[in-house]
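In case you want the letters, here they are:
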Amino acid sequence: MSHYAPDTKYQDLAPAGIIPQAGNAVEYITGTWRLQRPHRRDEDCIDCLFCWVYCPDAAVPVQGESVKGLQFDYDHCKGCGICAQVCPKKCIDMTPEGH
Amino acid sequence: MPEIKPMEGNQAIAEAMRQINPDVVAAYPITPSTEIVQTFSTFVANGEVDTNYVAVESEHSAMTACTAAAVAGGRVMNATSSQGLALMWEILYITASLRAPVILTVVNRALSGNINIHCDHSDAYGARDAGWIQLWGENVQEGYDNLIQAVRIGEHLDVRLPVMNCIDGFLVSHSYELLQVEDDEAVRAFVGPYQAVKPLLDIANPITVGPLDLWDFYFEHKRGQLDAYPPAKEVIVEVGKEFGKTFGREYGLFEEYMLEDAEYAVVALGSAAGTAKDAVENLRADGMRAGLLKLRAFRPFPAPEVAAALRGKKALAVFDRAASFGAASFPLYSEVIGALYLAGQQIPAIDILYGLGGREIVPEQIIEVFRSLPEVAASGQPANPVRYVGVRE
């Protein structure tokens with residue numbers, strides 16, 4: 001709901017709970033829920049893209065069929081650890097937030 | 001020309017659906033509403049309608065598909081009963097929140113357990129807080145008429161809410177009555193073409209539907225949704241008047257049957273209101289000033305209007321065809337006494353639980369309830385208002 005200013009009154013919202021634009025989930029920061037942070041060791045990564053395919057939140061950026069050198073999208077990653085689980089090279093570590 | 005035809009309630013509903021010719025019907029049949037979608041699917045197969053009929057694998061999917069089709073921009077209808085409505089429960093709230101004017105005929109049937117296929121109102125009562133408009137019909141004609149009006153009410157730009165068209169299982173759904181079937185053209189002209197508001201398929205103007213909505217905006221969205229119900233009440237009356245002008249049968253929020261000068265009144269909805277009319281007539285012939293308030297709109301509940309219609313009565317009996325387990329009284333009664341309290345009216349009232357699981361109710365039983373009302377008036381409001389009619393004890 002980042003489309004609206006935080007103090008918007010109910011009368012000024014579009015009816016039916018819609019946001020009158022599309023493609024705005026990127027603006028809504030949900031990564032603050034994360035308890036564990038994924039980190040990829042790029043030197044062991046083979047660019048199989050499993051992490052990109054399996055990420056339920058589109059939080060693994062990819063460029064030119066490669067994830068190497070690109071940071072996870074920590075604004076939206078929930079720390080579920082699926083990427084670490086499916087990685088065939090086990091090169092994604094999950095470390096507790098705050099450490 | 002309109003024709004008078006013998007029809008079952010279910011056939012009458014299917015006939016109205018054929019005349020309305022909705023864009024999408026996504027249905028999963030369940031007794032006693034099965035015949036509605038069965039008959040309608042024949043219309044689809046025979047090319048008598050343009051409807052996209054989706055055979056889904058459950059009522060949860062049926063209501064999901066209906067809601068999605070309505071959000072996409074279609075005029076959408078469906079029918080269900082009992083466990084089917086219960087399985088739709090999760091989606092019902094979403095349909096209303098998304099202001100998707102899906103029209104669902106609910107052929108009222110008791111909820112399990114134990115398993116029962118006959119009429120009571122536990123299914124629709126259970127959905128009363130979901131945000132749908134609920135219209136209740138007494139007989140086959142009203143089921144047909146209410147369905148046609150539901151389209152106009154739900155799609156009205158001041159309303160934009162889904163509508164349940166409730167008729168009693170078997171008692172109405174499987175009863176043959178003489179139905180005035182209106183002209184196809186007249187029905188189509190009355191409902192008019194559907195103009196969807198911000199449909200999802202308008203790809204030139206993309207929107208986001210049903211996004212994550214937490215502590216920061218959810219409350220405001222619910223507050224906005226609550227504003228739709230007072231106008232809905234006005235639209236129900238407006239459409240009912242126009243229906244009366246067009247087809248000769250006018251409808252309002254409720255029907256007053258010999259109520260105005262009545263001293264003792266019954267409040268009921270569904271087919272039992274017809275039985276109550278017999279009781280009222282008998283008692284009038286006997287010298288008792290009896291009357292009936294037959295509720296049509298249970299949601300939105302017309303509280304000030306009901307209180308005004310009941311003003312000055314000496315005692316009331318409110319008939320509930322479903323319990324609310326653990327509550328001090330049952331849904332219709334609670335609404336009625338709430339309405340009276342808000343209007344500053346103290347009328348002794350009892351709550352009659354009757355007809356669960358299809359248990360028959362006959363005029364003599366309602367007459368007996370009426371005959372107990374002078375005593376209720378004399379002794380004042382009973383602390384426990386609940387009375388049982390028709391149960392062995």
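About the thresholds
- Residues numbered from 1 in each chain as written.
- Chains lettered and ligands numbered in written order.
- Predicted model: local features only at pLDDT ≥ 70, side-chain atom pairs only at ≥ 80, totals over all residues.
- Domains from an automatic or database assignment.
- Contact = placed C-beta atoms within 7 Å.
- Nonpolar A, V, L, I, M, F, W, Y, C, P; charged D, E, K, R; others polar.
- Helix = DSSP H or I, 4+ residues; strand = E, 2+ residues; numbered from the N terminus.
- Expected span 1.5 Å × (residues − 1).
- Buried ≥ 20, exposed ≤ 12 C-beta atoms within 10 Å, placed from the backbone.
- Axes fitted to C-alpha atoms, helices over the stretch in contact; angles between N-to-C directions.
- Parallel < 35°, antiparallel > 145°, perpendicular 65-115°, else oblique.
- Left-handed = near helix turned anticlockwise from the far one by under 90°.
- Pairing = 2+ DSSP bridges.

Details of the domain arrangement of chain B
Residue and element names in this part refer to chain B. Each assigned domain of chain B is listed with its residue range as follows: domain 1 (3-247) and domain 2 (254-389). One C-alpha centre belongs to domain 1, the other to domain 2; they are set 28 Å apart. On the side of domain 2, 20 residues touch domain 1, which itself brings 25 residues to the contact. Residue classes in the side of domain 1 that touches domain 2 are distributed as 13 nonpolar, 7 polar and 5 charged.

Some details on the interface of chain B and chain A
Contacts between the two partners involve 18 residues from chain B, matched on the other side by 15 residues from chain A. For the side of chain B that touches chain A, the element with the highest residue contribution is helix α9 (residues 218-226) of chain B, accounting for 4 residues. By residue class, the composition of the side of chain B that touches chain A is 7 nonpolar, 5 polar and 6 charged.

As for helix α14 (residues 363-379) of chain B
Residue and element names in this part refer to chain B. The first and last C-alpha atoms of α14 sit 25 Å apart over 17 residues, in line with the 24 Å expected at 1.5 Å per residue. Within the sequence span of α14, burial applies to Ile-366, Val-369, Phe-370, Leu-373 and Val-376. Packed against the buried residues of α14 are β10 (264-268), α11 (272-285), β11 (290-295), β13 (315-320), β14 (349-354) and β15 (386-389). Downstream of α14 by one or two residues, Gly-380 has phi in the positive range, about 85 degrees.

Side note on the packing of helix α1 (residues 9-20) of chain B against helix α7 (residues 140-155) of chain B
All names here are of chain B. Contact geometry for α1 and α7: axes closest at 8 Å, N-to-C directions at 25 degrees. Here α1 lies roughly parallel to α7, going by the angle between them. Handedness of the crossing formed by α1 with α7: right-handed. Facing α1, whose interface residues are Gly-9, Ala-12, Ile-13, Glu-15, Ala-16 and Ile-20, α7 presents Val-140, Gly-143, Tyr-144, Leu-147, Ile-148 and Val-151. Tallied by class, the residues present in the contact of α1 with α7 amount to 9 nonpolar, 2 polar and 1 charged.

Looking at the pairing of strand β3 (residues 52-55) of chain B
Relative to β3 of chain B, strand β2 (residues 24-27) of chain B runs parallel, the two sharing 4 bridges. Looking at β3 of chain B, one finds that Ala-27 of chain B is bridged to Ala-55 of chain B.

Brief notes about the sheet that holds β11 of chain B
Residues and elements named next belong to chain B. An order of β9-β11-β10-β13-β14-β15 is seen for the 6 strands of this open sheet, with the pairing classed as mixed. The open sheet has two edge strands, β9 (254-257) and β15, and neither has a second partner. Shown here is a sheet whose adjacent strand axes are inclined to one another by a mean of 20 degrees, direction ignored. As judged from the 5 bridges shared by β13 and β14, these two strands associate in the parallel manner. When the sheet's bridge partners are listed, Ala-317 is paired in β14 with Ile-350. The strands touched by helix α13 (residues 331-342) within the sheet are β10, β13 and β14, with β13 carrying the most contacts at an inclination of about 145 degrees.

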